[in-house]
Amino acid sequence: MITKEAPAAAPAPTPAVPEAPRSGRKRPAWDEVPRWQIYLPLGIYLVFTLIPFYWILLFALRPTGSTSLVPWPMTTEHFEKVWTDRGFGTYFTNSVYVGLATLVMTTLVALAGGYALARFDFRIKRGFMLALLCSQFVPGALLLVPLFEIFAELQMINSLGSVIIAETVFQLPLSIILISNFIKNVPYSLEEAAWVDGCGRFRAFRIVVLPLLRPGLIAVGSFAFVHSWNHFLFALMFLNNQSKQTIPVGLNSLMSADSVDLGALAAGGIVAAVPVVIVFAFIQKWLITGFSAGAVKG
């Protein structure tokens, strides 16, 4: 006997879920924010930033005794005074020498140390990294006494070499950490491919890895240069002869307990600031790329 199968029961309809009530106000996207809400805070910040710079230019360019809020007629008497009479030409040369030497030494040592941390495994690697990080909590003033004792034994007091070594030691921990992160972002397989082609480790690093580290090296070197250019304590403690002093110490000599030559001090501040501004104007693209590349491990 042939029987017909009963038709399958239709699935029960799913009860409709009531929609959540929508808010009457739509949250604006970033590109829909009114422009004045962006430009107004930036403009206020820019005004507060530029007023001190204008004030320095005002004192540096207006004649002595003038109370005008506009530097007119302009004069260069303050720049001539600090450059020739106050010895800022010598201070400038010494600062350039210290800054460039610190840049080279910091970059070379940090490059070697960063490569070792990025490519080799050794027993005290974690402890060494922790020591580098902890050293950043030590202020530079605490290093003055031990470094002074060391340089006195080596007869390096009143020598620019003592300031260069001290600045390099102070900059190395952070520089090594940053360089090691830059090198970790370079695939290890690129070096292995160079080894297969017959390159040694040093040649493979020079040909393959080093060109890719340009943003990181510029970032590390620029900060080493700027810090050594602006640092005051090491030059003040280790240099006694006026012919060996740097620009920060020279600026301090323009201030006395009785009076302050504001025009000369402002002119000296501009002389000290111009090289740093020029350096950052040329390397800002590499600087941002370098720090974004070294911020995380790829």
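Placed above this text is the structure.
No experiment lies behind these values; they were computed from the predicted model shown.

### Focus on the overall build of the protein
- Assigned secondary structure in the protein consists of 12 helices and zero strands.
- Shown N-terminal to C-terminal, the secondary structure of the protein runs as helices and strands in the order α-α-α-α-α-α-α-α-α-α-α-α.
- Looking at the protein as a whole, 35% of its 298 residues qualify as buried.
- Across the protein, contacts joining residues at least 24 apart in sequence account for 72% of those joining residues at least 6 apart.

### Considering the nonpolar core
- Within the largest apolar cluster, 19 residues are counted, with the highest numbers of intra-cluster contacts made by Leu111, Ile176, Ile179, Phe182, Ile183, Phe205 and Leu213.
- When contributions to this core are tallied by element, the ones reaching two or more residues are helix 3 (88-119), helix 6 (160-184), helix 8 (201-209) and helix 9 (214-230).
- In this view, Ile183 contacts Leu111, Gly114, Tyr115, Ala118, Arg119 and Leu213; residues no more than four positions away in its chain are not counted.
- Phe88, Tyr91, Leu254 and Ala266 belong to the second-largest nonpolar core, a separate cluster that totals 18 residues.

### Quick notes on the packing of helix 3 against helix 6
- Viewed as axis vectors pointing N to C, helix 3 and helix 6 meet at an angle of 35°, and their least axial separation amounts to 6 Å. Crossing of helix 3 against helix 6: the hand is right-handed.
- Looking at the contact of helix 3 with helix 6 residue by residue, the classes come out as 17 nonpolar, nine polar and three charged.

### Some points on the packing of aromatic side chains
- Here the structure, examined in full by the defined rule, presents 12 aromatic pairs.
- Arranged with centres 5.5 Å apart and planes meeting at 85°, the rings of Phe92 and Trp229 form a pair that is edge-to-face. Of this pair, Phe92 sits in helix 3 while Trp229 sits in helix 9, placing them 137 residues apart in sequence.
- Site record: aromatic cluster; members linked through ring pairs are Phe148, Phe151, Phe170, Phe234 and Phe238.
- The ring centre of Phe59 lies 4.6 Å from the NZ or CZ of Arg62, which sits over that ring.

Basis of the calculations
Residues numbered from 1 in each chain as written. Predicted model: local features only at pLDDT ≥ 70, side-chain atom pairs only at ≥ 80, totals over all residues. Heavy atoms only, no water. Helix = DSSP H or I, 4+ residues; strand = E, 2+ residues; numbered from the N terminus. Buried < 20%, exposed > 50% of the residue type's maximum accessible area, 1.4 Å probe, protein only. Contact = heavy atoms within 4.5 Å. Core = buried A, V, L, I, M, F, W, Y, C linked by side-chain atoms within 4.5 Å. Axes fitted to C-alpha atoms, helices over the stretch in contact; angles between N-to-C directions. Left-handed = near helix turned anticlockwise from the far one by under 90°. Nonpolar A, V, L, I, M, F, W, Y, C, P; charged D, E, K, R; others polar. Phe/Tyr/Trp six-rings, centres within 6.5 Å; stacked < 30°, edge-to-face > 60°. Lys NZ or Arg CZ within 6 Å of the ring centre and 35° of its normal.

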